[in-house]
Amino acid sequence: AIPSLLRARVSANEAGTIGDIRAVSSAQAAYSSAAGAYGILTCLSTPSGGTCITNYPAAAPTFIDQNMAATGTRSGYARGFVPGNAVSGLGVGNIDGYLYTAVPQTANQTGVRGFAGDASGRICFTNNGVVPTTSGAALDAACLVIQ
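So, how was this worked out
- Residues numbered from 1 in each chain as written.
- Predicted model: local features only at pLDDT ≥ 70, side-chain atom pairs only at ≥ 80, totals over all residues.
- Heavy atoms only, no water.
- Helix = DSSP H or I, 4+ residues; strand = E, 2+ residues; numbered from the N terminus.
- Rg over C-alpha atoms; globule rule 2.2 N^0.38 Å.
- Contact = heavy atoms within 4.5 Å.
- Areas by Shrake-Rupley, 256 points an atom, 1.4 Å probe, with all protein chains shown as cover.
- Salt bridge = Lys/Arg side-chain N within 4 Å of Asp/Glu carboxyl O.
- Buried < 20%, exposed > 50% of the residue type's maximum accessible area, 1.4 Å probe, protein only.
- Polar contact = N/O pair within 3.5 Å; in protein donor to acceptor, adjacent residues only side chain to side chain.
- Expected span 1.5 Å × (residues − 1).
- Disulfide = S-S within 2.5 Å.

### Looking at the overall build of the protein
For the protein, the helix and strand inventory stands at three helices and eight strands. Secondary structure of the protein in N-to-C order comes out as α-β-α-α-β-β-β-β-β-β-β. By the compact-globule yardstick of 15 Å for 147 residues, the protein fits well, its C-alpha radius of gyration being 16 Å. In the protein, once contacts between residues fewer than 6 apart in sequence are set aside, the share between residues at least 24 apart is 47%. For the protein, the accessible area works out to roughly 7,300 Å², and carbon and sulfur atoms hold 56% of it.

### Concerning the pattern of salt bridges
Going through the model one piece at a time under the given rule, you end up with four salt bridges. Measuring nitrogen to oxygen at the nearest pair gives 3.9 Å for the salt bridge that ties Asp118 to Arg122. The exposure class of Arg122 is partly exposed, given its relative accessible area of 22%.

### Examining the environment of Thr126
Within the element layout of this structure, Thr126 appears in strand E7 (residues 123–126). Those residues in contact with Thr126 that lie beyond four places of it in its chain are Arg113, Gly114, Val131 and Pro132. Here Val130 takes part through its backbone oxygen, which lies 2.5 Å from a polar atom of the side chain of Thr126.

### Some words on helix H1 (residues 2–35)
Here H1 spans 48 Å end to end across 34 residues, near enough to the 50 Å set by a 1.5 Å rise per residue. Within two residues after H1, Gly36 carries a phi angle of roughly 85 degrees, on the positive side.

### Considering the state of the cysteines
A full pass over the atoms with the stated rule returns two disulfides. A sulfur-sulfur separation of 2.0 Å characterises the disulfide bridge that pairs Cys43 with Cys52. Of note, the bridge from Cys43 to Cys52 carries an S-S torsion of about -75 degrees and is left-handed in sense. As far as the burial class goes, Cys43 and Cys52 line up, both buried. With its sulfur 1.8 Å from that of its partner, Cys124 forms a disulfide with Cys143. Of this pair, Cys124 sits in strand E7 while Cys143 is found in the loop between E7 and strand E8 (144–145), placing the two residues 19 residues apart along the sequence. Residue Cys124 is classed as buried on the basis of its relative accessible area, which comes to 0%.

Listed below in structure tokens is the structure:
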């Protein structure tokens, strides 16, 4: 019974992590439409105030909530964010790309595969729990893509 519970927990953690990466990718696409560039995670959760999107109303909706904007461990996965280069002429938190990563907190217990998503909208994985191969703030073209 315990191995079955462990497999179910790993499966749930991985599904939640993939869902979070998809949510960040969707939020980045929406933010890019509003700002003309991608944003650092704090800009996605607090776009108003003039530092992220100029003249963005304080009462307007955010792109992700505060919990999603925080890196660290969630659902058994350690999350990370690699910003691309700053885009000049826009707010402080505007970038030309990003990489959102997730690796198991404890390999083979909280998760098995490593994941990452980037500005291309792809989510890639590894079977050994490490971050897929990247080049700066982007996934390599030959990564294993989740369909």
